[in-house]
Amino acid sequence: MDVLNPNAKSGWRHERGEGSLSDVYRTVGTGRHSSTWRRAAAFAGPGYMVAVGYMDPGNWATSLAGGSKFGYALLTVALLSNLMAIVLQALCARLAIASGRDLAQACRDAFPRYVSVPLWALAEIAIIATDIAEVIGTAIGLNLLMGIPLELGVLITALDVFVILFLQKLGFRWVEAFIIAMLGVIAVCFGVQILLADPQWGAVLTGFFPTTEIVTNPEMLYLALGILGATVMPHNLYLHSGIVQTRAYGHTVPEKREALTFATIDSTVALCFALLINASILILAAAAFNAHGKTDVVELGEAHSLLSPLLGLAIAPTLFGIALLCCGLNSTVTATLAGQIVMEGFLKIRLKPWVRRLITRAIAIVPAAIVTIWYGDQGTAQLLILTQVVLSLQLSFAVFPLVMFTASKAKMGELVAPRWLSGIAYLIAVVIAGLNVKLLFDFVTG
């Protein structure tokens, strides 16, 4: 009988099958007999991989548009989205550690096929939308730094599969090290740009407080939902619930409680770092563009070209391009893993990593290539923002199952989420669903 989940006493319909991401499942030691600090350090890493999804190229487009159009007003949305993300990602770790399942496996187990198959389709749509944003963002980064045409850059992004395969062969810790190194480069680039932009810090602080205009102004709500979709991303919920299980934590309840504590600390700290990056993008757009009357900057290429004359230093656009390229490279790694988790978890279809990667990248490249060839920069900017709104619309279909599972004593056993945490999570799920209904209503009524 499965030690992690005795079927006779669980609320799941089937016994737990093969571990999530079986090629790296429980491959990272946790030093169970070492010091507390060493055990905590062993769990550091997955949170930063999740944080990548909260600062991907699609997020740049919505934050640049929001900052240039409305100044610092949408900082409150970035903060609120990040708080939501901290709660939801903590629940992902709880689900994985308590049940031994990732979110995709849990949905396949808990729901009949007529429910789980549509959930799989929606998850795939979300990953495709994510991948499109990454393809375009990486291509724009290559264009800004090396002058490579967008159309060629879109095709070059297919080659990142080899980078991912190489890192995975070295070990999962190397994948995490690559991600964290890229995040460090991004942080330095934005830190310098913020210093050059010299924002009004009083207005920045005010921007973190909410206003009713965000809901009453359809244009602001559209961008706010784009930021929400770019921040709390559906594929991250599947991703986190899978990669947490790369740690070889114990099977007893106390050991799993400790693993949950360390995993939650990891994701919370990493997401606070992600908030700094997200806020920096929006602050940079507000200080460099909105403050100078440039209220319609939505294209990453346009933002790059405007930074030098507005800030007065040639290094600013170079830093912008480097950070964008690093974001694109990072995002491709995490989207690949999320795609593998979703396909294997929902359908039990196992493909070689390079086959899975080429399939998802091809699906993303086709629409991205069509838009870049047909519409150029203007089309890519609109497509980036649209992908983030699509992600926001898909979000509820991942959030509600996650909250339901972690609130169930039968499914989670001793690690069931406290009632107060489940209450907050349900409130978050309802708010997200309500905002999406409002967006659709505004879209239909014009």
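Quick notes on the rules
Residues numbered from 1 in each chain as written. Predicted model: local features only at pLDDT ≥ 70, side-chain atom pairs only at ≥ 80, totals over all residues. Heavy atoms only, no water. Helix = DSSP H or I, 4+ residues; strand = E, 2+ residues; numbered from the N terminus. Buried < 20%, exposed > 50% of the residue type's maximum accessible area, 1.4 Å probe, protein only. Areas by Shrake-Rupley, 256 points an atom, 1.4 Å probe, with all protein chains shown as cover. Polar contact = N/O pair within 3.5 Å; in protein donor to acceptor, adjacent residues only side chain to side chain. Contact = heavy atoms within 4.5 Å. Phe/Tyr/Trp six-rings, centres within 6.5 Å; stacked < 30°, edge-to-face > 60°. Lys NZ or Arg CZ within 6 Å of the ring centre and 35° of its normal. Salt bridge = Lys/Arg side-chain N within 4 Å of Asp/Glu carboxyl O.

Caption draft 1: Geometry of the overall build of the protein chain. A count of helices and strands for the protein chain gives 20 helices and zero strands. Going through the 446 residues of the protein chain one by one, you find that 59% of them count as buried. Total accessible area on the protein chain stands at roughly 17,400 Å², and carbon and sulfur atoms take up 70% of it.

Caption draft 2: A look at unusual backbone geometry. In this structure, L21 takes a positive phi of about 50° despite not being glycine. Tracing the chain through its elements places L21 in the segment before α1 (36-42). On the accessibility criterion, L21 (2% relative accessible area) is buried. A positive phi angle, near 55°, is found at R26, a position not held by glycine. Summarising the element assignment, R26 is placed in the segment before α1.

Caption draft 3: Representation of the side chain of S241 in the model. Examined against the element boundaries, S241 turns out to sit in helix α13 (residues 234-243). There is a polar contact of 2.9 Å between the side chain of S241 and the backbone nitrogen of L103. At 2.9 Å, the side chain of S241 and the backbone oxygen of Y238 are in polar contact. Ignoring anything within four residues of it in the chain, the contact list for S241 reads C92, A96, R101, D102 and L103.

Caption draft 4: View of the packing of aromatic side chains. This structure, assessed with the given rule, holds four aromatic pairs. Taking the centre distance of 5.6 Å and the plane angle of 35° together, the rings of F111 and F405 count as tilted. Separated by 294 residues along the polypeptide, F111 in the loop between α5 (103-110) and α6 (113-146) and F405 in helix α18 (residues 377-406) bring together distant segments of the chain. Each member of the pair, F111 as well as F405, is classed as buried. One residue, R26, lies across the ring of Y249, its end atom 4.4 Å from the ring centre. Here K411 stacks its cationic end above the ring of W12, 5.3 Å away from the centre of that ring.

Caption draft 5: Layout of the pattern of salt bridges. Tallied over the full model, the rule gives five salt bridges. The partner of R173 in a salt bridge is E176, and the shortest N-O contact between them spans 3.0 Å. Highlighted residues: R173 and E176, both in helix α9 (residues 172-197), separated by three residues, approximately one helical turn. In this structure E176 comes out as buried when scored by relative accessible area, which is 2%. A salt bridge links R247 to E176; its shortest N-O distance comes to 2.7 Å.

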